[in-house]
Amino acid sequence: MSRRFDLQGHRGARGLFPENTLEGFRAALAIGVDAFELDVGLSADGVPVVHHDLALNPAIARGPDGAWLTPPTPTLHSMTLAEIGSWDVGRLRPGSAYAATFPDQQPMDGARIPTLAEVLALDPEVRFTLELKTDPTRPDATVPATVLAEAALAVVEQAGASGRVMFESFDWRGPRHLRRLRPALKLAWLTNAQTVAEAALWWDGKRPEDFGGSVPRAVAAEGGNVWAPAHEDLTEAALAEAHALGLGVLPWTVNQPEDMRRLIGWGVDGLITDFPDRARDVLRAAGMPLPPGRPGTGQMGGRA
Ligand code: MG
């Protein structure tokens, strides 16, 4: 493929900095990425915000009093933007399994859940892959997929960012709706083993069996542009099939250098990683071009 390799920082750079925070995105920009993969939900008052979990993660969120949450935690969808902004998400809960998974994550106390508009304003060059967080197995936890898709699209268009944004979701209803509304938008179709096994639910009626058992063919039938599989599920043959169908292939979440080297050797078009520093080392060693580090960018994107 002649396209430039696409290095995408997962939730910013989750292995290094608090995920889905302005502080974390800025620090990841300084390291250098082509794009950020981040997660979008909707507040009760209809504002798209950037957070992975449908309900606050007790390993991430502390209350205004500094106390860690205990389940059940509130959904984003049940809180106003002001309430969402009251949580500190700048540190992983000490002793939690999540903190053990990312022992090198540098705390940034006081970091808040940002709005999508704030994140899009961080830097004029970086691109964004916006994951629409709806879940057909939990319909009461969010607004309908089409509602979230339209709300996120409105923020992107208000920011004039359509040209450097790609939308994606495991729940294909959202991207499918956007494709009808804006055929030129770039879309990625997320898959993992669970959503493929439950495809009739996640793909709203379609199944791999309708495409000879081929996930790439199912993606191509949606209109492309990119298949974003869990990297554990990706085979070299499926990658070649996707390329033959004209799809880009963007596996996630690739954190081990040996996996990065293998996938780059196969010819993936990019990867999503919690460790863009490791990916840069691998790309450099392979003689591939690197996105520039942009220290000091994004300073205008702070909370208004
Ligand atoms: Mg995501």
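Above: the structure in question.
**A look at the packing of aromatic side chains**
Within this structure, the stated rule accounts for 6 aromatic pairs. Taking the centre distance of 5.2 Å and the plane angle of 70 degrees together, the rings of tryptophan 172 and tryptophan 189 count as edge-to-face. One end of the pair, tryptophan 172, is in the loop between β5 (165–169) and α6 (173–181); the other, tryptophan 189, is in strand β6 (residues 186–191), and 17 residues separate them in sequence. With a relative accessible area of 0%, tryptophan 172 lands in the buried category.

**Regarding the packing of helix α11 (residues 257–266) against helix α12 (residues 276–285)**
Relative to each other, α11 and α12 sit at 45 degrees, their axes nearing to 10 Å. Put simply, α11 runs oblique to α12. Considering the relative orientation of α11 and α12, their crossing is right-handed. Across from Pro257, Met260, Arg261 and Ile264 in α11, the residues of α12 making contact are Arg278, Ala279, Val282 and Leu283. Partitioning the contact of α11 with α12 into residue classes produces 6 nonpolar, no polar and 2 charged.

**A closer look at the side chain of arginine 280**
Structurally, the position occupied by arginine 280 is in helix α12. Residues contacting arginine 280, with those up to four places away along its chain left out, are Leu7, Ile31, Gly32, Leu290, Pro291 and Gly293.

**Looking at the pattern of salt bridges**
Within the structure shown, the criterion is met by 17 salt bridges. For the salt bridge of glutamate 19 with arginine 11, the shortest nitrogen-to-oxygen distance reads 3.0 Å. Across this residue pair, the class does not change: glutamate 19 and arginine 11 are buried. Here glutamate 131 ties to lysine 133 by a salt bridge, and the two come within 2.9 Å at their closest N and O atoms. Lysine 133 sits in the buried class, given a relative accessible area of 13%. When salt bridges with common partners are traced through the structure, they connect Arg62, Asp88, Arg91 and Asp109 into a single cluster.

Parameters at a glance
Residues numbered from 1 in each chain as written. Predicted model: local features only at pLDDT ≥ 70, side-chain atom pairs only at ≥ 80, totals over all residues. Heavy atoms only, no water. Phe/Tyr/Trp six-rings, centres within 6.5 Å; stacked < 30°, edge-to-face > 60°. Helix = DSSP H or I, 4+ residues; strand = E, 2+ residues; numbered from the N terminus. Buried < 20%, exposed > 50% of the residue type's maximum accessible area, 1.4 Å probe, protein only. Axes fitted to C-alpha atoms, helices over the stretch in contact; angles between N-to-C directions. Parallel < 35°, antiparallel > 145°, perpendicular 65-115°, else oblique. Left-handed = near helix turned anticlockwise from the far one by under 90°. Contact = heavy atoms within 4.5 Å. Nonpolar A, V, L, I, M, F, W, Y, C, P; charged D, E, K, R; others polar. Salt bridge = Lys/Arg side-chain N within 4 Å of Asp/Glu carboxyl O.

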